[in-house]
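Survey of secondary and tertiary structure
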Amino acid sequence: MKLIVTKDYEALSTRAAGLVIEHIQQYPSSVLVLATGNTPLGMFARLVNAYRRGEVSFHNCSLVELDDYFNISLDDRRSLYKWLAAEFINQVDIPAENIVRFNTASTDAKEECARVEQAIANLGGIDLLVLGLGPNGHLGFNEPGSDFESATRVITLSAASIKSSAQYWGKEEDVPRQGITLGLKILSAARHTLLLVGGKQKTQIFNSTFQGPVTNSIPATILQQQQNLTVIVDKAAAGNISTRSA
Ligand code: F6R
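Described in the following lines is the structure provided in the data block. (Residues numbered from 1 in each chain as written. Predicted model: local features only at pLDDT ≥ 70, side-chain atom pairs only at ≥ 80, totals over all residues. Heavy atoms only, no water.)

1. Overview of the site of the ligand
The environment of the ligand is made up of 14 residues, and the closest members are Thr39, Asp67, His138, Tyr168 and Lys202. Here Asp67 contributes a side-chain N or O atom positioned 2.7 Å from an oxygen atom of the ligand. His138 is positioned with one of its side-chain polar atoms (N or O) 2.7 Å from an oxygen atom of the ligand. A per-class count over the shell around the ligand returns 4 nonpolar, 8 polar and 2 charged. (Near = heavy atom within 4 Å. Polar contact = N/O pair within 3.5 Å; in protein donor to acceptor, adjacent residues only side chain to side chain. Nonpolar A, V, L, I, M, F, W, Y, C, P; charged D, E, K, R; others polar.)

Here it is in C-alpha cells:
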C-alpha cells in the first residue's frame, strides 16, 4: 500500500486527479469504477478541466457504476448515476455505450446484479477503482457485516448510512432505504485502487481501517489486503498517521 498525506482537501483532489490521469495515459482502455459522494468532487472537477485542456481523454475507457440507491426511478433526483453524470460523465468524452449503469428501477434485483457482474467480466475486470470511505467503514454500499466474499447485491442501508446520506438529500426521510452495490469480492479484485479520505470527521474511521484488525464489522479493513492500493488522505483525516510508503 502507498499512503500519501496531503496538506488539505485541495491537494488531495489534485493528487487524485493526477494519478487517475497517469493511469489513463498508461492504460487508455481502462475499466473505471468511481465513487460518488463529497470526497471525489474536487477530483472530478480537476479531471474535467484536464479533459477540456486536452490533457486526457476518456474516449476508450469504460465506466461501471459502483453503487446506487435501489427501487427508485432512473430519473429520481437522488440517483447516484445522475450525480456522477452531472459531475463527470456528461462533461467528458466517455461514449454512452461504454457505461454500465445500474437499473435502479429493476423489479428483479438478482437478475440486475448478475447482469452488471457479467458486464464487468465481459470487460475483463476493473482496472481502476476509486473509493471514498464511509463514516461507518462502508465501501460502496457494502455496509458493516458485509461478507468479504459478497457478490453484487441489493442491501438495506444502515441507520448510520442513512444519517450520513441525509447531508446530500435534505433530511433522513428523503434518503432511499435500499442500495445496490458491487460486492466486496469484485472490488477486491480491482487491479488498481485509489482510496480518498478527507476531513477530520474521517480521522477515527481512517485509523480503524488501517490500524485495527481486518473485520467485516468495518468493511473497509478489507483494503489492508488490497493489491496495488494507493490511499490519499488529507492531514485533517490522517490524524497522527504520518507519510509512509509500504
Ligand atoms: C458513494 C459511495 C460511498 C461513499 C462514502 C463516503 O458512491 O460509494 O461509499 O464513498 O459514503 O462519502 P463522502 O465522500 O460523501 O464522505
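2. As for the nonpolar core
Core analysis: the biggest nonpolar cluster contains 39 residues, and Leu182, Leu195, Phe206 and Leu223 have the highest contact counts within it. Secondary-structure elements contributing two or more residues to this core are strand S2 (31-34), helix H4 (109-123), strand S6 (128-132), helix H6 (184-188), strand S9 (192-197), helix H7 (203-211), strand S10 (229-234) and helix H8 (235-238). The element contributing the most residues to this core is H4, with 4 residues. Residues within four places of Leu223 in sequence aside, it is in contact with Leu131, Leu139, Leu195, Phe210 and Leu229. Counting 31 residues, the second largest nonpolar core, distinct from the first, contains Val20, Phe44, Leu63 and Val130. (Core = buried A, V, L, I, M, F, W, Y, C linked by side-chain atoms within 4.5 Å. Buried < 20%, exposed > 50% of the residue type's maximum accessible area, 1.4 Å probe, protein only. Helix = DSSP H or I, 4+ residues; strand = E, 2+ residues; numbered from the N terminus. Contact = heavy atoms within 4.5 Å.)

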